[in-house]
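An overview of the molecular structure
Okay, here's what each chain looks like letter by letter:
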Amino acid sequence: MKNKYSIFSLIKNAFSNHENWQRAWRDPEPKKEYDAVIVGGGGHGLATAYYLAKKHNLRNIAVVEKGWIGGGNTGRNTTIIRSNYLWDASAGLYDHALKIWEGLSQELNYNVMFSQRGVMNLAHNLQDVRDLKRRTHANRLNGIDAVWLETDEVKKFCPIINTSQDIRYPVLGGTLQKRAGTARHDAVAWGYARGADEMGVDIIQNCEVKGIKRSGDTVEGLETTKGFIKTKKIGVVAAGHSSVIANMAGLKLPLESKPLQALVSEPVKPIIDTVVMSNAVHAYVSQSDKGELVIGAGTDSYVSYTQKGSFNIVEETLKAILELYPIFSRMKMLRQWGGIVDICPDASPIISKTSIKGLYFNCGWGTGGFKATPGSGDLFAHTIANDEPHKLNAAFNINRFVSGDLVDEHGAAAVAH
Amino acid sequence: MFLINCPYCGERDQSEFVSGGEAHIARPKQPTELNDDQWAEYLFMRKNIKGIQFERWNHVHGCRKWFNVARDTSNDKIEKIYKMGEQPPKL
Ligand SMILES: Cc1cc2nc3c(=O)[nH]c(=O)nc-3n(C[C@H](O)[C@H](O)[C@H](O)COP(=O)(O)OP(=O)(O)OC[C@H]3O[C@@H](n4cnc5c(N)ncnc54)[C@H](O)[C@@H]3O)c2cc1C
Ligand SMILES: [Zn+2]
């Protein structure tokens, strides 16, 4: 049984100079066989394992991760959480996640620092205004909080925005979802890992999947750098590397993997207490609890697995940031990095069975899956345990690319993060 | 962040170009004959290779011509550039 984290455990451990904290999860060697194995120790994979153990009572399971947990896009994203998507299927999916976020720190006994500071999406031209108003109405019909703000209300909500009508892309208004916000990305991975580990899930790091063994159309196990692991159910949650793993099983996915970048500034005193996103000029910004501005850029136009991204993309974003927030003109940027995002043609995820029995994929989250972490884990666990999707992820099956029943969120959902 | 040697203009920064994705996906000759699976394969399914991938590029801020590139997507190194209509090189 793990020690509960609380103010008292914090005080108690302060007396021993914080040297006696229990480790948060074990570091086991893989067993010969598991009832299910999750490939990819990002937030989605760890959450999947957590809900498989917690809600479906599957305890003899493992998560295999080629690097360290949370080292993929989970630890590289700009942590924006919102559920104001246009289509009913997406609204259901993302709001399911948002509702879990609202109680997640308590449930995991791990502070994921979920902060409902609001997310504002700006409109810069008449088409933006029409699209965003339409989305606001659609959201409200789905029971998702959303309001339209006129330019002066935008200014009131976030006073440092330049709302002058003389700039290249003037602010013509915006939408606001107040329940939206941010969370601490690493804590999400660590909290789910700790919770899953406590229920007996083996979290195996530095273990790369190299092959998928199948007999006919049924999976038999995984070839990994730590040997062969026998299992009847494999749930792949490998973000940018999903196609690489699909290819091991002889499957093709409708994905392209591209670098997406973000950067943070030097830390400063509180200056922006919400999240502001702009699709048209592709700039979005929030401020971390440490005081750094967290700025997200766009994806490169080409497939790449280099986890870097191009300089011109960062340059474009910073140009837009400076026009919208002249006050940042002398800030120094401290760090820049990239993650490889798996983009679906309709910018919606895949949480689905495949044509191979026992092989499940959760991928295609592209530039915007962090917000869905708890919901995605919950629904993927349901899909794996029952060999059937939950009604909330039924629309996100792989067959939609054959039937044509796409969930086209490109542009529909404001900026794609 | 790399340079591309346009077969028509010479070496330029990648930002002058746009990627047209996977190359050698032939347009169906008889579209009416295709079933839904074949359409899905043509329209959406991609190899998305980590390693050497054949792709189309357009010099959009230059000569605006299309050509093919064999590029290693794990390090962005370009192995070979060849014109539209040519067969992919053996690498
Ligand atoms: C710069 C940037 C900004 C973003 N901003 C936002 C945002 O503001 N809001 C939002 O909602 N989303 C955002 N996203 C998207 C979000 O980060 C992802 O959709 C989400 O984190 C995906 O989680 P995951 O657990 O599926 O993937 P990951 O965290 O990438 O986990 C996948 C894991 O699989 C492992 N793996 C891969 N191959 C193998 C193998 N062969 N064997 C074993 N393990 C393997 C990887 O090492 C990795 O740890 C952003 C992404 C980036 C890159
Ligand atoms: Zn040219």
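So, here is what we can say about the structure in this document. (Residues numbered from 1 in each chain as written. Chains lettered and ligands numbered in written order. Predicted model: local features only at pLDDT ≥ 70, side-chain atom pairs only at ≥ 80, totals over all residues. Heavy atoms only, no water.)

This paragraph deals with the site of ligand 1. All names here are of chain A. Looking at ligand 1, there are 38 residues lining it, with Glu65, Asn73, Thr74, Thr78 and Lys371 nearest. Asn73 is positioned such that a nitrogen or oxygen atom in its backbone is 2.7 Å from an oxygen atom of ligand 1. The backbone of Gly369 places a nitrogen or oxygen atom 2.8 Å from an oxygen atom of ligand 1. Contact with the protein chains covers 97% of the free accessible surface of ligand 1, which is 1000 Å². Looking at the shell around ligand 1, the elements that each hand over two or more residues are α2 (43–56), β14 (256–265) and β18 (333–343). No other element matches the 3 residues that β14 contributes to the shell around ligand 1. When its residues are assigned to classes, the shell around ligand 1 shows 14 nonpolar, 19 polar and 5 charged. (Near = heavy atom within 4 Å. Polar contact = N/O pair within 3.5 Å; in protein donor to acceptor, adjacent residues only side chain to side chain. Areas by Shrake-Rupley, 256 points an atom, 1.4 Å probe, with all protein chains shown as cover. Helix = DSSP H or I, 4+ residues; strand = E, 2+ residues; numbered from the N terminus. Nonpolar A, V, L, I, M, F, W, Y, C, P; charged D, E, K, R; others polar.)

Quick look at the coordination of the zinc ion (ligand 2) now. All names here are of chain B. The zinc ion (ligand 2) binds to the protein through Cys6 (SG), Cys9 (SG), His59 (ND1) and Cys63 (SG), with metal-donor distances spanning 2.0 to 2.3 Å. Mapping the donors of the zinc ion (ligand 2) onto the primary sequence yields the spacing C-x2-C-x49-H-x3-C. Highlighted residues: Cys6 in strand β1 (residues 3–6) and His59 in the loop between β4 (52–58) and β5 (66–72), separated in sequence by 53 residues. What makes Cys6 buried here is its relative accessible area of 3%. Since its relative accessible area comes to 0%, His59 is described here as buried. (Donors = N, O, S within 2.8 Å, 3.2 Å for Na, K, Ca; no water. Buried < 20%, exposed > 50% of the residue type's maximum accessible area, 1.4 Å probe, protein only.)

Turning next to the packing of aromatic side chains. Each pair of aromatic rings is reported with the distance of its centres and the angle of its planes. In the structure shown here, the tally under the stated rule is 16 aromatic pairs over all chains. Taken together, a centroid distance of 3.8 Å and an interplanar angle of 10 degrees make the contact between Tyr85 of chain A and Tyr94 of chain A stacked. By the burial criterion, Tyr85 of chain A is buried, and Tyr94 of chain A matches it. Centroid distance Tyr302 of chain A to Trp57 of chain B: 5.7 Å. Interplanar angle 40 degrees. Geometry classified as tilted. You can see Tyr302 of chain A sitting in the loop between β17 (293–299) and α8 (311–324) and its partner Trp57 of chain B sitting in strand β4, one on each of two chains. For Tyr302 of chain A, a relative accessible area of 1% translates into the label buried. (Phe/Tyr/Trp six-rings, centres within 6.5 Å; stacked < 30°, edge-to-face > 60°.)

The next subject is helix α9 (residues 373–386) of chain A. Residue and element names in this part refer to chain A. With 14 residues, α9 extends 20 Å between its outermost C-alpha atoms, agreeing within 8% with the 20 Å of an ideal straight helix rising 1.5 Å per residue. In terms of burial, α9 is largely enclosed, as 11 of its 14 residues are buried. By the burial criterion, the buried members of α9 are Thr373, Pro374, Gly375, Ser376, Gly377, Asp378, Leu379, Phe380, Ala381, Thr383 and Ile384. Looking at the residues trailing α9, positive phi occurs at Asp387, about 55 degrees. (Expected span 1.5 Å × (residues − 1).)

This part takes up the side chain of Asp300 of chain A. By the element assignment, Asp300 of chain A lies in the loop between β17 and α8. For the buried residue Asp300 of chain A, which engages in no salt bridge, the nearest side chain bearing the opposite charge is Arg71 of chain B, 8.9 Å off. Of the polar contacts made by the side chain of Asp300 of chain A, one reaches the side chain of Ser310 of chain A; its length is 2.6 Å. Those residues within four positions of Asp300 of chain A in sequence are excluded, and the remaining contacts are Lys258, Pro259, Gln261, Gly309, Ser310 and Ile313 of chain A. (Lys, Arg positive; Asp, Glu negative; His and termini not counted. Salt bridge = Lys/Arg side-chain N within 4 Å of Asp/Glu carboxyl O. Contact = heavy atoms within 4.5 Å.)

This part takes up the side chain of Arg71 of chain B. All names here are of chain B. Along the polypeptide, Arg71 turns up in strand β5. Arg71 gets classed as buried once you look at its relative accessible area, which sits at 0%. Looking at Arg71, its side chain comes within polar contact range of the side chain of Asp76, at 2.8 Å.

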